[in-house]
Amino acid sequence: MSGSLRKRTERLFGDRAAARSVLTMASVLALDGADKGTVSAMAGPLQDAFDIGYAAIGLLVSVVAFVGAACTVPFGLLADRVPRTRLLAVTATLWGLAMLASGAAVSYGWLLVSRAFLGAVTASSGPAVNSLVGDFFPARRRARMLGFVVGGELFGTALGFAISGVVGSTLGWRYAFWWLVLPTVALVWALVRLPEPARGGQQGLSGHSGAPDDEGPTGPARQARARADVAPDERLVLRTDPRTLPPWRLVLYVVRIPTNVVLIVASALGYFFFAGLRAFATVFTTDQYGVSTSVAGSLVLVVGAGGVAGVLLGGRFADRLLESGYLNARILVPVVCLLGVPLLVAPALHTTSLAVALPLLVGGTALLGAVNPPLDAARLDIVPPLLWGTAEGTRTVLRTLSEAMAPTLFGFVADHVFAGRHALEYTLLLALLPLLAASLLGLPALRTYPRDVATADASARTAADSARAPQDGSGDGARRESPGNTPHGGSREAPRDGSGDAPRDGSGPGGGDQPG
C-alpha cells in the first residue's frame, strides 16, 4: 500500500520532497480561501447577529483585500530579501490569532477591525508562495505545480463553505472561525520544517539543478532562444543585481514589462468575478434554487471540486502544449478558458432548476480554475528570478483591490440597482462581462510574451555572471564594468542543449537601460 502511494506521489509531483513543498504551499492558500468561504457561509448568521445587510457582509471580505493591497508590495520586497519559509511561518501564526479575534467579536466594528488585521498578515502569502514555487521547480514544470498550489485555495474555499457551514449551524458562527485555528497550527509546524531553496537557481528539491541552462529542451526560455525572430528587449535587460536598486525602481521595472501589465489586468478581472461570486454563493444558492444553508454549503463544495479539477488540468495541459513546441501555450489556454466561462455560467445563474444549473456551474468553475496556473507560470517566465517576490507583490495589489471591491460592489448593486427577488441573479450576470474583457486583453500578450521571456532570460544570465565575477578574481571593479563586458558579446558559454544559440540582441547589452 505504501509502495503504491509512493509511486503515485512520484508520478504527480516528481518525488516526496516536491510533494511536501507543493502541499505546504497549497495549504497556505487553502487557509486563506477557507476564511473567505467561512464569511460567505456565515453571511446569514452574521446578518442576524449584528443586524447588517448585504453591503456590510461584502465589506467584511473587502476590508481584508483593501488592507492586503496596502501591505502586499512591502511584503513582496521583503520576500526577495529574507527567508520566505520563515516569513510565512510568522504570518501564519498571526493569522491564527486574527481568527481567534474574529470569533470573539462582540460587535460589527470589532469583527471589522479583526478582519483588517487579517488582511495585513495574509498579504505575505502571494509573493512568498509564488517566489518559492519558482525556485523549487524548473520552468517547464511550473504550470503543473502551480495547478496543485492554486488548487489549495479553491479546496480551502470549498472547505470553508462546507465545514464552517456545518460547524456554524451546529455550534454557532463563532466556532465557524475558531475551528480554523487548528489547521493553522499544523501549517506553522510544516513551514518551519520546510527548507528554503536557493534563489534564482530554480533548484529542485532532490538537489537537481534547474538553472536556466538546465531547464530542458521544452522550457520557455530555451524555446525563445532557439527562435531566430525572438530577441531580448535591450531596454529592459537588467545589468546588475536588482536587490541593490531602490524599491520604487523595482516596482517601476516590473510594470514596464508589456506582457506582465496585460496579465495583471486580465488576472484582476478574473478574480473580481470569483471574489464576488464567492462572497454571495451561499445566499444566492438558497434563494435561487430553494435549498437550505447546509445543503447550499455542500453544493458549493461540489462546484468547488470543478474548480480544483480545472486548476489541476489547466496547468498540466499548458505544460503539455509547451512541451509540444507551443511557446505561447501559457497565454493561449487562459484566453480560451475565459471565453468559455460566461457561456456555461450565464444559463446556470438564470435557471431555477438545480439539476440544470449544477453541471453548468461545475463546468464553468473548471474553466475559471484552469486560467490561473498557466498565467502564474507565465508571470514567472517573464520576470527575472530575483524579482519574483516584488513582481508578485505588485501584481497582487491590483488583484487584491479587485477582490476588495467585488463583494461590496456586488452587494451595493444588488441592494440599490437590481432590488427585488432577482437582484443577486442580475448582479452576477452583469459581472460576467469583465471575464469577456479579460479574454480579449489576453490577445496582445500572445505577441509580446516570447520577447519578454527572452528578456527575463537575458537578465537572469547577466545578473548571474555579474554575481560570479568577484569569484573569478575580477574584484569589485569588474562588477562595476560588467555592463560593458557582459557575456552576451560572445564570451558566454553556449547553451548546453547543443544548439549554440545565444540571445540575438544585435548590439550587446551596453545600450540597455536600468529599471526606471
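Residues numbered from 1 in each chain as written. Predicted model: local features only at pLDDT ≥ 70, side-chain atom pairs only at ≥ 80, totals over all residues. Heavy atoms only, no water.

A few words on the overall build of the protein. In terms of helices and strands, the protein carries 21 helices and 0 strands. Taking the intrachain contacts of the protein between residues at least 6 apart in sequence as the baseline, contacts between residues at least 24 apart amount to 83%. Of the roughly 19,800 Å² that the protein leaves accessible, carbon and sulfur atoms contribute 65%. (Helix = DSSP H or I, 4+ residues; strand = E, 2+ residues; numbered from the N terminus. Contact = heavy atoms within 4.5 Å. Areas by Shrake-Rupley, 256 points an atom, 1.4 Å probe, with all protein chains shown as cover.)

Turning next to the environment of L424. Relative to the helices and strands, L424 is located in helix α18 (residues 423-430). Sequence separation between L424 and F284 is 140 residues, and the spatial gap between their C-alpha atoms is 6.6 Å. In contact with L424, other than residues within four places in its own chain, are F280, V283, F284 and A414.

The next subject is the pattern of salt bridges. Opposite charge on two side chains lets them pair, provided their charged atoms get close. The tally for this structure, following the rule as stated, stands at 11 salt bridges. With a closest N to O distance of 2.7 Å, D381 and R330 form a salt bridge. Residue D381 is located in helix α16 (residues 354-382), and its partner R330 is located in helix α15 (residues 329-350); the two are separated by 51 residues in the primary sequence. Each member of the pair D381 and R330 is classed as buried. The residue R395 makes a salt bridge to E392 at a minimum N-O spacing of 2.4 Å. Here R395 and its partner E392 are both found in helix α17 (residues 388-416), 3 residues apart, which amounts to about one turn of the helix. (Salt bridge = Lys/Arg side-chain N within 4 Å of Asp/Glu carboxyl O. Buried < 20%, exposed > 50% of the residue type's maximum accessible area, 1.4 Å probe, protein only.)

With that out of the way, let us pick up a nonpolar patch on the surface. A surface patch of nonpolar side chains, amounting to about 540 Å² of accessible area, comprises W248, L252, V255, V261, V265, L398 and L441. When residues of the nonpolar patch are traced back to their parent elements, those giving at least two are α12 (247-254) and α13 (258-289). Looking at the element boundaries, V261 is found in helix α13. (Patch = residues over 30% accessible without salt bridge, like charges linked within 9 Å, V, L, I, M, F, W, Y side chains within 5 Å.)

Bringing the nonpolar core into the picture now. Judged by nonpolar contacts, the single largest core of 124 residues is most densely connected at M25, L46, L88, L191 and F273. The element that contributes the greatest number of residues to this core is α13, accounting for 14 residues. (Core = buried A, V, L, I, M, F, W, Y, C linked by side-chain atoms within 4.5 Å.)

Along the chain, the position of D135 falls in helix α7 (residues 125-136). Polar side-chain contacts of D135 include one of 2.7 Å to the side chain of R84. (Polar contact = N/O pair within 3.5 Å; in protein donor to acceptor, adjacent residues only side chain to side chain.)

Attention now moves to the side chain of T122. You can see T122 is positioned in helix α6 (residues 108-122). A polar contact of 3.2 Å, which involves the side chain of T122, links it to the backbone oxygen of G119. Those residues in contact with T122 that lie beyond four places of it in its chain are D32, V64 and W95.

Let's shift gears to α6. Its 15 residues place the ends of α6 21 Å apart at the C-alpha level, agreeing with the 21 Å of an ideal helix rising 1.5 Å per residue. Of all the residues in α6, the buried ones are Y108, L111, S114, R115, A116, L118, G119, V121 and T122. Buried positions along α6 lie against α2 (16-41), α3 (43-50), α4 (54-79), α5 (84-103), α7 and α9 (173-178). (Expected span 1.5 Å × (residues − 1).)

Let us now look at unusual backbone geometry. Backbone geometry at D51 places phi at a positive 55°, although glycine is not the residue there. Checked against the element boundaries, D51 lands in the loop between α3 and α4.

So, on to the confidence of the model for the protein. Averaged over the protein, the pLDDT score is 78; the fraction of residues at 70 or greater is 81%. Ranking the elements of the protein by mean pLDDT puts helix α21 (residues 482-485) last with 36 and α15 first with 92. A low-confidence stretch, residues 203-214 (pLDDT under 50), is modelled with 32 contacts involving residues beyond four sequence positions or located in other chains. Every residue in residues 471-516 scores below 50 in pLDDT, and together they form 67 contacts with partners more than four places removed in sequence or on other chains. (pLDDT = per-residue confidence, 0-100.)

With that out of the way, let us pick up the packing of α13 against α18. Running from N to C, α13 and α18 cross one another at 150°; their axes reach a closest spacing of 10 Å. When the interaxial angle is binned, α13 and α18 end up roughly antiparallel. Relative to α18, the crossing made by α13 is left-handed. Packed against α13, whose contacting residues are F273, L277, F280, V283, F284 and Q288, the element α18 presents L424, E425 and L428 at the interface. When its residues are assigned to classes, the contact of α13 with α18 shows 7 nonpolar, 1 polar and 1 charged. (Axes fitted to C-alpha atoms, helices over the stretch in contact; angles between N-to-C directions. Parallel < 35°, antiparallel > 145°, perpendicular 65-115°, else oblique. Left-handed = near helix turned anticlockwise from the far one by under 90°. Nonpolar A, V, L, I, M, F, W, Y, C, P; charged D, E, K, R; others polar.)

The next point concerns the packing of α2 against α7. Relative orientation of the contacting elements α2 and α7 amounts to 165°, with a least axis distance of 10 Å. It follows from the interaxial angle that α2 and α7 lie roughly antiparallel. For the crossing formed where α2 meets α7, the hand is left-handed. Two secondary-structure elements touch here, α2 through S21, M25, V28 and L29 and α7 through S125, V129, L132, V133 and F136. When the residues that make up the contact of α2 with α7 are grouped by side-chain class, the tally is 7 nonpolar, 2 polar and no charged.

This brings us to the packing of aromatic side chains. Centre-to-centre distance and the angle between the planes together describe a pair of aromatic rings. Per the stated rule, a full pass over the model turns up 7 aromatic pairs. With a centroid separation of 5.7 Å and 70° between ring planes, the pair formed by F418 and Y426 is classed as edge-to-face. For F418, a relative accessible area of 26% translates into the label partly exposed. Overall, Y426 belongs to the partly exposed group, its relative accessible area being 38%. Taken together, the aromatic side chains of F50, W173 and F177 make up a single cluster linked through ring pairs. When the ring centre of Y271 is taken as reference, the NZ or CZ atom of R399 above it lies at 3.8 Å. (Phe/Tyr/Trp six-rings, centres within 6.5 Å; stacked < 30°, edge-to-face > 60°. Lys NZ or Arg CZ within 6 Å of the ring centre and 35° of its normal.)

On to the environment of V251. One can find V251 in helix α12. Measuring from C-alpha to C-alpha, the distance between V251 and A391 comes to 7.1 Å, with 140 residues separating the pair along the chain. Excluding its chain neighbours within four sequence positions, the residues that come into contact with V251 are V73, T390 and T394.

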